[in-house]
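Structure at a glance
What follows is each chain in one-letter form.
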Amino acid sequence: DRNGLRHPLRFFSHVGLNVKFTCFYALFVFLPTLIFLSWYSTDLAQDRRTEYRKEKLEVLAQSLNIVESQLLLTESITMTLQSSTALSKLLQNQYANASEEIFDYLSIIRPTLNGFSVFHPFLENLFIYRNTNSALSKADFLHYIQPVQSFPYGNDLLERIQKEKSIWHVVMSMDQIHAINQTQTPGPRLVCFSKLYDKTYSNVIGILELQISLDRICRTMNFLAANDRLYLSSQETTYVVMSKGGNHYLQTYPGNASGQSMRNMPFDSVRLTLEKTDLAFQYEYCLLYTSR
């Protein structure tokens, strides 16, 4: 071992002063400096990445705050309908004859229901399920008013609605959506269910269903850049927000909410869940933007 060590030392002792100085500089100046710069740049990049992630999280949170405020505004439709005397009489089957019921529905109730879409941009559709029946229950022009027996989302959800004040339910498949006709805008929905009471608030006389279009919600996500992706997922179903001509729309995405295998550039993601629902928004953004 000593002989092996002597050869490098003997060689080093015979080299010129310039070579010795170069080796000394490389060992004690250049190499530590290189290590320090490597560590510093890595730490700086990590800090920038953390800062950028925080910025993106704030952008997504602010966008969802706007959505949640619109959902609360839409949810307030319940209180408006709760105070409608004509609707209360209809749901309790208190009209003396069919002609009086038809008149109030066409002149008061239906215009009120139609008018909600003007002030509630996210509202796609609404229905009211009544606990009582009348001779007009199956009339085509009463499409907003349905018998509770036709509730299309299953008895389990109906039982939950009876126990809770209101429920936000995510329906990702159009096959499960209650529709007036087949020409309505396709796409998944957020559906709010709430109970309507009589004047004494002691008896439930109907259930209100408010359908919120997720397509319309996605149109407000104007923060998406060209290489960004936004995924919406609930349970095992995922949609990706696509952009065409400046407009956003939803497209079914196979698999879980992750596009990593389809991307050729570094990216990171943040994820938030919409309040009162299990609807998750995963925002994936390109890390190359950190160089700006």
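A brief report on the enclosed structure follows. Just so it is clear, the structure is predicted and the values come from calculations on it, not from any experiment.

Rules of the game
- Residues numbered from 1 in each chain as written.
- Predicted model: local features only at pLDDT ≥ 70, side-chain atom pairs only at ≥ 80, totals over all residues.
- Heavy atoms only, no water.
- Buried < 20%, exposed > 50% of the residue type's maximum accessible area, 1.4 Å probe, protein only.
- Helix = DSSP H or I, 4+ residues; strand = E, 2+ residues; numbered from the N terminus.
- Arc of directions from axis to C-beta.
- Contact = heavy atoms within 4.5 Å.
- Phe/Tyr/Trp six-rings, centres within 6.5 Å; stacked < 30°, edge-to-face > 60°.
- Pairing = 2+ DSSP bridges.

Our focus in this paragraph is helix H6 (residues 155–163). Looking only at H6, the buried set comprises Leu 157, Leu 158 and Ile 161. End-on view of H6: buried residues confined to an arc of 100°, all on one side of the axis. In H6, the exposed positions angled more than 90 degrees off the buried face are occupied by Asn 155, Asp 156 and Lys 163.

Counting through the fold element by element, Arg 49 comes out in helix H2 (residues 17–75). Of the residues examined, Arg 49 reaches a relative accessible area of 34% and is grouped as partly exposed. For the pair Arg 49 and Asp 268, spaced 219 residues apart in the sequence, the C-alpha separation amounts to 8.8 Å. Sequence-distant contacts of Arg 49, that is, excluding residues within four places in its chain, are made with Phe 267, Asp 268 and Leu 287.

Moving on to the packing of aromatic side chains. In total, this model carries 8 aromatic pairs according to the counting rule given. When the ring of Tyr 129 is compared with that of Phe 151, the centres are 5.2 Å apart and the planes differ by 75°; the resulting orientation is edge-to-face. Taken as a pair, Tyr 129 in strand E1 (residues 123–130) and Phe 151 in the loop between strand E2 (145–147) and H6 lie far apart in primary sequence, 22 residues in all. Considered together, Tyr 129 and Phe 151 belong to a single accessibility category, that of buried residues. One aromatic cluster is present, formed by Tyr 52, Phe 223, Tyr 283 and Tyr 285 through successive ring pairs.

Pairing analysis gives 7 bridges linking strand E9 (residues 267–273) to strand E10 (residues 280–286), with the strands arranged antiparallel. Within the sheet, the bridge partner assigned to Asp 268 lies in E10 and is Tyr 285. If you look at the hairpin formed by E9 and E10, you'll find 6 residues sitting between the two strands, and Lys 276 has a positive phi there, around 75°.

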